[in-house]
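Descriptive structure summary
Chain residues, written in single-letter form:
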Amino acid sequence: MPPTDIAIINPATGAELGRVPDCGAEEVNRAVDAARHCFATGQWRGRDGSEKERILLAIADGIDAQRQSLGELVSRETGKTLAEALGGDVDGAADAFRYYAGAVRRLTGETIPIDGNFLNYTLREPAGVVGAIVPWNFPLCIAAWKVAPALACGCAVVLKPSELTPLSAIRLAEIAREAGLPGGALEVVTGYGATAGEALARHMDVDKISFTGSPRTARRLLTASAESNLKPVSLELGGKSPNIVFADADLDAAARKALWGIFQNKGEVCTAGSRLLLEDSIHDAFLDTLIGRASRLRVGDPLDPKTQMGSQISTAQMERILGYVERAKQAGAQLRCGGHRVGETGCFVAPTIFSAVTPGMEIAREEVFGPVLSVLRFRDEEEAIAIANSTTYGLAAAVWTGNLRRAHRMAAALQAGVVWVTTYNGFDTATPFGGVKQSGFGRDLGAAALDQYTHLKSVWVAL
Ligand code: NAD
């Protein structure tokens, strides 16, 4: 039976952008077989490093050449503004291919002085066939964060984009083919998590799963690995990141970054600064400033250059967000702005701020994945750390202070994979990204990502 189709919808307008197949076991088998064939025959991994480097650079150039149309596509499939799609997704994806092109010829082992009359050295070998399962919020960029280092290591990749945003992933694979990547080195399987995703995660011939998405799906992937071939799984999951402002900080800079820390990409960011922790003495004035700025944000057509916040990804996501808002009100949090849908078409939600939030409330513990900020108070450094570390997540955290010693104390004490000091949402391909606690394990980006896609082989030579 041929697979059924999934309609891809522009969440800002409701228009259909295209249809893709909901791949099942048969289509996933075909993609994995093609990837395995490519890997086993050395069609990609066996190429000279300089040639691999050239092709990865050509993919980056191909992304740049289609910058505008790719940006529009990502904006249409996600509902984010064109500026966010261009600056976040498209430029981020091109940079990942460029950075990892440079890694191809730096994948070195070590010679290790060991006891006895031996020469010992390590070889860094490609992990094999990699299943990359990615979410909808940065569909092109997160795909590139996985595909580029995996290819740099000589792996073959089967990419499973979100069922909501597969079109940019399909375009990426076309660009890669045009750049000279051989068939099978990058296969794309579209479809739902329960069909295409599960088939990939349970496949006996997939050597590794690299995942970005929700903790709920992460649990299923670990089960799938345990019940199939024990493939290693790396997980980049959600967050409930604390953004902590002390009274001695540059408060204007802190307010500007706090605003975008939560409302960038309409709050659908895993590192969103969704918990703002304010020191008692500045709490009221800082909050007033933020409410004023949030209320003035322009929400609407993502392709209009004046728009600052686009549409949520889907009706279901919008309703989920508004459900959190209702329950937060009932729990005693004070709604200070937003909290409602904007317009009658599309999935737009007004920038929303709650004050009087306490650490035990649902709105302080769970990832909303929308434009909803929870504001909490603290008395001193000790209490700020206790509140910041009080969730099951540990992806990112930020601290604003003019006191250098406190900044370093906080950076050490915060349970997070990334800490920003007097900034927010800094990303760079060269520095590792990932979480601790239930925000996952393994790292994307930087040299650390190469560990995900290689094995170390220790070679002993008796002399
Ligand atoms: P999701 O877990 O529902 O889906 C992610 C991907 O997994 C999709 O491709 C989906 O089809 C697939 N999937 C779903 N069920 C599956 C299954 N049983 N087996 C295999 N694959 C399956 O997450 P989402 O709703 O697309 O994305 C939002 C989540 O992603 C949020 O929790 C967010 O914080 C997280 N996220 C994390 C990062 C990070 O780097 N830490 C980045 C972006 C998003």
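These numbers were taken from a predicted model, which means no experiment stands behind them. (Residues numbered from 1 in each chain as written. Predicted model: local features only at pLDDT ≥ 70, side-chain atom pairs only at ≥ 80, totals over all residues. Heavy atoms only, no water.)

Remarks on the domain arrangement of the protein
By the assigned domains, the protein splits into domain 1 (5–237 + 437–462) and domain 2 (242–421). Computed from C-alpha coordinates alone, the two centres of domain 1 and domain 2 are separated by 31 Å. Note on domain 1 versus domain 2: buried area summed over both sides is about 2100 Å², and carbon and sulfur give 58% of it. In this structure, the connection of domain 1 to domain 2 is made through zero salt bridges. Among the secondary structure elements, those contributing two or more residues to the side of domain 1 that touches domain 2 are helix 3 (67–78) and helix 4 (82–101). (Domains from an automatic or database assignment. Buried area = accessible area lost by both parts, 1.4 Å probe. Salt bridge = Lys/Arg side-chain N within 4 Å of Asp/Glu carboxyl O. Helix = DSSP H or I, 4+ residues; strand = E, 2+ residues; numbered from the N terminus.)

Examining the pattern of salt bridges
Using the criterion set out here, one finds 32 salt bridges in the structure. Arg 36 is the partner of Asp 207 in a salt bridge, and the nearest nitrogen-oxygen pair spans 2.7 Å. Pair noted here: Asp 207 is in the loop between helix 7 (193–201) and strand 7 (208–212) and Arg 36 is in helix 1 (residues 25–40), with a separation of 171 residues, a long-range link. Residue Arg 256 pairs with Asp 252 through a salt bridge whose shortest N-O separation is 3.6 Å. Pair noted here: Arg 256 and Asp 252 are both in helix 9 (residues 251–263), with a separation of four residues, about one helical turn. A network of salt bridges, in which partner residues are shared, links Glu 198, Arg 202, Arg 220 and Glu 227.

Quick word on the side chain of Thr 212
Secondary-structure assignment places Thr 212 in strand 7. Looking at Thr 212, the relative accessible area reads 9%, which means it is buried. At a separation of 3.0 Å, a polar atom in the side chain of Thr 212 contacts the side chain of Lys 146. Not counting the four nearest positions on each side in its chain, Thr 212 is found in contact with Ile 133, Val 134, Pro 135, Ile 142, Lys 146, Glu 236 and Asp 444. (Buried < 20%, exposed > 50% of the residue type's maximum accessible area, 1.4 Å probe, protein only. Polar contact = N/O pair within 3.5 Å; in protein donor to acceptor, adjacent residues only side chain to side chain. Contact = heavy atoms within 4.5 Å.)

Quick word on helix 8 (residues 215–226)
With 12 residues, helix 8 extends 17 Å between its outermost C-alpha atoms, agreeing within 8% with the 16 Å of an ideal straight helix rising 1.5 Å per residue. Those residues of helix 8 hidden inside the fold are in contact with strand 4 (129–133), helix 7, strand 7 and strand 8 (233–236). (Expected span 1.5 Å × (residues − 1).)

Thoughts on the packing of aromatic side chains
By convention here, two paired aromatic rings are described through the distance between centres and the angle between planes. All told, the structure shown has nine aromatic pairs when counted by the stated rule. Between the aromatic rings of Tyr 99 and Tyr 100, the centroid separation amounts to 4.8 Å while the plane-to-plane angle is 90°, which identifies the pairing as edge-to-face. Ring pairs connect the aromatic residues Trp 145, Trp 420, Tyr 424, Phe 427 and Phe 433, which therefore count as one cluster. Sitting above the plane of the Phe 138 ring, Lys 80 keeps its charged end 3.9 Å from the centroid. Here Arg 406 stacks its cationic end above the ring of Phe 246, 4.0 Å away from the centre of that ring. (Phe/Tyr/Trp six-rings, centres within 6.5 Å; stacked < 30°, edge-to-face > 60°. Lys NZ or Arg CZ within 6 Å of the ring centre and 35° of its normal.)

Some details on the pairing of strand 5 (residues 156–160)
Judged by how many residues are buried, strand 5 sits mostly within the fold: five of five residues are covered. Both faces of strand 5 are covered, namely the face carrying Ala 156, Val 158 and Lys 160 and the face carrying Val 157 and Leu 159. Between the parallel pair strand 4 and strand 5, the chain is carried across by helix 5 (residues 139–152), and the sense of this crossover is right-handed. Of the crossover connections in this fold, the one passing from strand 5 over helix 6 (residues 167–178) to the parallel strand 6 (residues 186–188) is right-handed. (Right-handed = clockwise from strand over helix to strand, strands pointing away.)

Notes on the environment of Tyr 453
Here Tyr 453 is to be found in the loop between helix 15 (449–452) and strand 19 (454–462). Considered as a pair, Tyr 453 and Gln 66 are 387 residues apart in the sequence and their alpha carbons are 28 Å apart. For Tyr 453, the contacting residues outside a window of four places in its chain are Glu 125, Pro 126, Ala 127, Val 130, Lys 146, Pro 149, Ala 150, Cys 153, Cys 155, Ser 210 and Asp 444.

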